[in-house]
Amino acid sequence: MDALVDVRDMKKIYNPGENEVHALDGVSLQITRGEFVAIIGQSGSGKSTLMNMLGCLDVPTSGEYYLDGRDVSGLGDDELSTIRNEEIGFIFQGFNLIPNLTALENVELPLIYRKVPAAKRHELAVESLKKVGLENRMDHKPAEMSGGQQQRVAIARALAAKPPVILADEPTGNLDSKSSIEIMRILKELHEDGRTVILITHDNGIAESAKRIIRIMDGKIEADYINQNVQEYGGAKKA
Amino acid sequence: MSQFLEYIKMAFANIRANKGRSFLTMLGIIIGISSVIMVISLGNGAKNVITESMAGIGAGQIAMYSSDDTGSYQITSDDIDAIREQVDGIKGVLAQDSASGSMKTSKGEFTVSGIGTMPDVQYFDKTGIERGRYFNEREYLSGQPVAVISEEDAIRLFGSTNVVGMDLDITFYDSTITFTIIGVQKPQDSSMMSFVYEDSPVQVTFPITVFEQIYGTQVDSFYMVYMLAEEDADTYRITSEVSNLMERRHQCKGEDIYQFENFSDYMSIVNTVVNMVTVFVSLVAAISLVVGGIGVMNIMLVSVTERTREIGIRKALGAKTGSILVQFLSESAIITLIGGLIGIVCGIGGAYLISGIVGIVNPSLNFAPAISIPAIVTASLFSCGIGIFFGIYPAKKAAKMSPIEALRRM
Ligand SMILES: Nc1ncnc2c1ncn2[C@@H]1O[C@H](COP(=O)(O)OP(=O)(O)OP(=O)(O)O)[C@@H](O)[C@H]1O
Ligand SMILES: [Mg+2]
C-alpha cells in the first residue's frame, strides 16, 4: 500500500549562513493511511519543525515530500494553501481559534476556503461539533469556553473538511489532565474511525496511546517502533 | 462570486466586532464626504436661485449701446422703429430715461424714481401685472401721464393695493404732474433680487413721452436700448442683424460703434464664478478626504499587525493570498463606504441646516440647497475608492504573510 506521507531525506536549516540551526537533519519516514503515530522528542529536537513540514506550513531546505502520492516540495504559496485545506486538519497547542468568531463559524472556516456552499457547510460544521460533544456550545465565542472546550472546537474544525491527515502538535500542552484525557479519547476515536492521526508530544504517557512511536533527537530520527503496549491515556493513572 | 460574498461577510463581521474603532476610522471620511456634499449642495442651490431669478428678469434680453461719446451716433426712436420692423424674432424694443422727483400722500413724503419707457415694457416685465395694465401705444404717443407702480410701493403710498384709478402728484424739478395709476405690478417672487428697504424711492413707470412736459423737449435719442428676443429666437443672429441695420442707418460700417451685451453671457459668467467657487471649496474639503484615507490606512495597518495570528490561522486552514487580500480590502472599502454614506446624510443635513440658519439670519438670502444625485453617486464611489486605494498597502501586507511566521507570533 502506498504511503500517505512519504518524506525522504528532509532537511530544514534555519538562518542559513551564520548561526545555522539544523532543525531537521535528514529525516525519512513513511506513514500509511489509517495509522496513529506519535512523534516524540525533547524540547528543541525538531518536532514542531517536522510538523510544519508535514503540514505544508513551511517548505524544507532540501529533501522530498510526497503527500498522498503528490510531490509537494516544489509548490507555491497558493498551491500549498490548497493542499493544507484539502489534505490536513491541524490541531495546535494554542488552539488557534479566531476570537471574534463563534465555535460554529470557526469550524466553518476551512469549508469556506474550500468553497463549500453555505447550507452544506453548516451541516458539516454541526456534524463535526456533535462529534466532539459541543452541539450546545455552537454559538459561543472562544473566550466563553474552557481550554478543553476550545481544543474540542479546534478538533471539530480539523475534522469538518474530512481531511485524510490529522496533525496535532502538543494538543494537550495547555490543558489540565481531565481535559487532556478527553482530547486523547477523541483522537483515539478518530483513529478508530479510520483517520490518519499524527500526534506530536514530548509526553511519553501521551505517546503510549499511539500504535507507532517515532522518537526524534537533534533533527534526526532516533527510533521508530510499533508500540506493543498501547495504553489508553489516563487509564494507567486511574489504576 | 459567492466566494467573494463570503469575504465581504467576514469583513462585515470584523467591522461589527470592532464598532468603536471602525467608527473612529470612518470619522475622517464622514467629515470629508459631508463637507464636499454640503458645499456642492449649497453651491448648486445658490446657483439655481441666482439663475432662476436672473433668468426670470432677463432671459432673452439684449442690450445695445453706442460706444461713441460725441453724441453723434446715439440711437433714435426711428432706429427703434426700424429694428422692430426689420429684424425678425424680436418681441419688444425699448429705451428708457429716468428722473427723480418727490411726492406726498397721507402716509408721508416720498422720493420718486420716475422711469419713462415705451409700451413694450410689458413684455420685459416677467413677473407681470397684478391689477390693471401697462400703458398702450396710444397713451405713449400722446404722452398721457399714466403710471404703473409696484405692489409694495402701493402699500407704502396708500396702505392698499387697490389703487388703480388713483392719482399721483409727482414733482420733477419744478413741474408737478398728476399721474393716473393704471397698473400695479406683482411683487417679484425671488426674494434675492428685490432690495426694497425703508427709504428706497418709489418706482413709477410711465410713457417716456411724458418727459416732454418736464423738459420741454422730446427725449428722442439714447445711449442704450434694450431688445427682447422671442423665446426660441437666436439672440446671436438678432445681434448681428441689428448691428448691420444700425451701421447701415448711421453709415459707420465696421466701426463697431454699436456694442451688444447678451443676457446669456452674463448668466454664463455668473455660473462660471459660482462653479469656480464651488469647485475650489470642494477641493479644500476633498483634502480632508485624503487625510481621512490615510487614517483608514493607519488603522488598517494596526489591525493587520494585531490580527497577525488570525491571518496565520486562516492561511493554515487554506486561505490563499487573494482571499486574505480581498478580505482586508473589503474591510477598508466597507468602512469608507459606510463612512461615505453617513457623510452624505450628514452633508445633506448640514446643507439644509446652514441654509436654514442663513434664512433666519438674513431672510432675503433664503434658498434651498440643491442635492445633486451625480454628486452623491460620485461621493459614494470615491469614498469606496479611497478605502480600496488606502487599503491596498495594509491588505497586501496581510496577504503576503507566511502562515508559519504569522502563527509563531503571539
Ligand atoms: N524560525 C526559527 N528560526 C531559527 N531557529 C528556529 C526556528 N524555529 C525553530 N528553530 C530552532 O529549531 C530547532 C527545532 O525547533 P522546534 O520548534 O522544531 O522544536 P520542538 O521539538 O518543537 O521543541 P518544543 O518541544 O519546545 O516545542 C530548535 O533548536 C529551535 O531553536
Ligand atoms: Mg514544538
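Residues numbered from 1 in each chain as written. Chains lettered and ligands numbered in written order. Predicted model: local features only at pLDDT ≥ 70, side-chain atom pairs only at ≥ 80, totals over all residues. Heavy atoms only, no water.

Q: Explain the overall build of chain A to me, please; I cannot follow it from the model alone.
A: Within chain A one finds eight helices and ten strands. Scaling as 2.2 N^0.38, a compact globule of 239 residues should have a C-alpha radius of gyration of about 18 Å, and chain A matches this with 18 Å. Considered along the principal axes of its C-alpha atoms, chain A spans approximately 50 × 50 × 40 Å. Within chain A, contacts between residues at least 6 apart in sequence are counted, and of these 68% link residues at least 24 apart. As displayed, chain A offers around 10400 Å² of accessible surface, 46% of which is attributable to carbon and sulfur atoms. Separation of charge centres in chain A, based on 28 positive and 36 negative side chains, amounts to 5 Å. (Helix = DSSP H or I, 4+ residues; strand = E, 2+ residues; numbered from the N terminus. Rg over C-alpha atoms; globule rule 2.2 N^0.38 Å. Contact = heavy atoms within 4.5 Å. Areas by Shrake-Rupley, 256 points an atom, 1.4 Å probe, with all protein chains shown as cover. Lys, Arg positive; Asp, Glu negative; His and termini not counted. Charge placed at Lys NZ, Arg CZ, Asp CG, Glu CD.)

Q: Is there a simple way to think about the interface of chain B and chain A in this case?
A: Note: interface size is frequently given as the accessible area lost on complex formation between the parts. Every contact between the two is made by 22 residues of chain B and, on the other side, 22 residues of chain A. Joining chain B to chain A, the criterion identifies one salt bridge. Connecting chain B to chain A are eleven residue pairs in polar contact (both at pLDDT 80 or more). Taken together, the elements giving at least two residues each to the side of chain B that touches chain A come down to helix H1 (2-17), helix H10 (308-316), helix H11 (321-361) and helix H13 (403-408) of chain B. (Salt bridge = Lys/Arg side-chain N within 4 Å of Asp/Glu carboxyl O. Polar contact = N/O pair within 3.5 Å; in protein donor to acceptor, adjacent residues only side chain to side chain.)

Q: Please explain the pattern of salt bridges as it appears in this structure.
A: A side chain with one charge may pair with a side chain of the opposite charge, provided their charged atoms come close. Enumeration according to the criterion identifies 24 salt bridges over all chains in this entry. A:Asp68 is the salt-bridge partner of A:Arg33, the closest N and O atoms lying 2.9 Å from each other. With A:Arg33 in the loop between strand S2 (21-32) and strand S3 (36-40) and A:Asp68 in the loop between strand S4 (62-67) and strand S5 (70-71), the pair connects residues that are 35 residues apart, well separated along the chain. Of the residues examined, A:Asp68 reaches a relative accessible area of 37% and is grouped as partly exposed. With its nearest N and O atoms 2.9 Å apart, the salt bridge here joins B:Arg156 to B:Asp153. One end of the pair, B:Arg156, and the other, B:Asp153, are both in helix H6 (residues 151-158), three residues apart, so they sit about a helical turn from each other. The class for B:Asp153 is buried, based on a relative accessible area of 5%. (Buried < 20%, exposed > 50% of the residue type's maximum accessible area, 1.4 Å probe, protein only.)

Q: I would appreciate a short explanation of the packing of helix H9 (residues 263-306) of chain B against helix H12 (residues 373-399) of chain B in the present structure.
A: Packed helices, taken two at a time, are described by their axes: the angle between them and the distance between them. Residues and elements named next belong to chain B. In the contact formed by H9 and H12, the axes pass within 9 Å of each other and the chain directions differ by 30°. Put simply, H9 runs roughly parallel to H12. The way H9 lies across H12 gives a crossing that is right-handed. Between H9 and H12, the residues in contact are Leu 289, Val 290, Gly 293, Ile 294, Met 297, Met 300, Leu 301 and Val 304 and Phe 382, Ile 386, Phe 390, Tyr 393, Pro 394, Lys 397 and Ala 398, respectively. For the contact of H9 with H12, the per-class residue count stands at 13 nonpolar, one polar and one charged. (Axes fitted to C-alpha atoms, helices over the stretch in contact; angles between N-to-C directions. Parallel < 35°, antiparallel > 145°, perpendicular 65-115°, else oblique. Left-handed = near helix turned anticlockwise from the far one by under 90°. Nonpolar A, V, L, I, M, F, W, Y, C, P; charged D, E, K, R; others polar.)

Q: Even after reading the chapter, I still don't get the domain arrangement of chain B, so can you show me in this structure?
A: Split by domain assignment, chain B resolves into domain 1 (2-55 + 268-408) and domain 2 (68-256). Here the C-alpha centroids of domain 1 of chain B and domain 2 of chain B sit 55 Å apart. (Domains from an automatic or database assignment.)

Q: Teacher, can you tell me more about the side chain of B:Gln61 here?
A: All names here are of chain B. Here Gln 61 shows up in strand S1 (residues 61-66). Given the relative accessible area of 17%, Gln 61 is considered buried. If we skip the residues at most four places from it in the chain, Gln 61 touches Phe 124, Tyr 226, Met 227, Leu 228, Glu 261, Asn 262 and Phe 263.

Q: It is not clear to me how the side chain of B:Ser282 should be interpreted in this structure. Could you clarify?
A: Residues and elements named next belong to chain B. Within the element layout of this structure, Ser 282 appears in helix H9. On the accessibility criterion, Ser 282 (11% relative accessible area) is buried. At 2.6 Å, the side chain of Ser 282 and the backbone oxygen of Thr 278 are in polar contact. Residues contacting Ser 282, with those up to four places away along its chain left out, are Val 36, Val 39 and Ile 40.

Q: Can you walk me through the sheet that holds strand S8 (residues 196-201) of chain A in this structure?
A: Adjacent strands of a sheet form backbone hydrogen bonds with each other and so pair up, either parallel or antiparallel. All names here are of chain A. Taken in spatial order, the six strands make up an open sheet running S6-S7-S8-S3-S9-S10, and their pairing is mixed. Unpaired on one side and paired on the other, strand S6 (88-91) and strand S10 (220-226) mark the two borders of the sheet. Ignoring strand direction, the axes of neighbouring strands in this sheet form an average angle of 15°. Examined bridge by bridge, S6 and strand S7 (residues 165-169) share four bridges and lie parallel to one another. When the sheet's bridge partners are listed, Gly 89 is paired in S7 with Ile 166. Of the strands in this sheet, S6 and S7 are in contact with helix H5 (residues 147-160), which crosses S6 at around 170°. The strands that helix H6 (residues 177-192) touches are S3, S6 and S8; relative to S8, the one it contacts most, it runs at about 150°. (Pairing = 2+ DSSP bridges.)

Q: Please clarify how the pairing of strand S1 (residues 3-14) of chain A should be interpreted in this entry.
A: Each regular strand carries side chains that alternate between the two faces of the sheet. All names here are of chain A. One ladder, built from nine bridges, connects S1 with S2; its direction is antiparallel. Note on S2: the bridge partner recorded for Val 7 is Leu 29. The hairpin turn running from S1 into S2, its antiparallel successor, is six residues long, and Asn 15 in that turn takes a positive phi close to 50°. In this structure, S1 lies alongside S4, joined through five bridges in antiparallel fashion. Counted as the bridge partner of Lys 11 is Ser 62 from S4.

Q: Even after reading the chapter, I still don't get helix H8 (residues 235-249) of chain B, so can you show me in this structure?
A: Because the α-helix completes a turn every 3.6 residues, residues three or four places apart line up on one side. Residues and elements named next belong to chain B. Here H8 spans 21 Å end to end across 15 residues, near enough to the 21 Å set by a 1.5 Å rise per residue. Turning to H8, its buried residues are Thr 235, Ile 238, Thr 239, Val 242, Ser 243, Leu 245, Met 246 and Glu 247. Contacts from the buried residues of H8 go to S1, strand S2 (75-76), helix H3 (77-86), strand S3 (90-94), strand S12 (224-229) and strand S13 (258-262). Residue Asp 234 occupies the N-cap position of H8, its side-chain oxygen lying 2.9 Å from the main-chain nitrogen of Tyr 236. Gln 251 occupies a position one or two residues after H8 and carries a positive phi of about 45°. (Expected span 1.5 Å × (residues − 1).)

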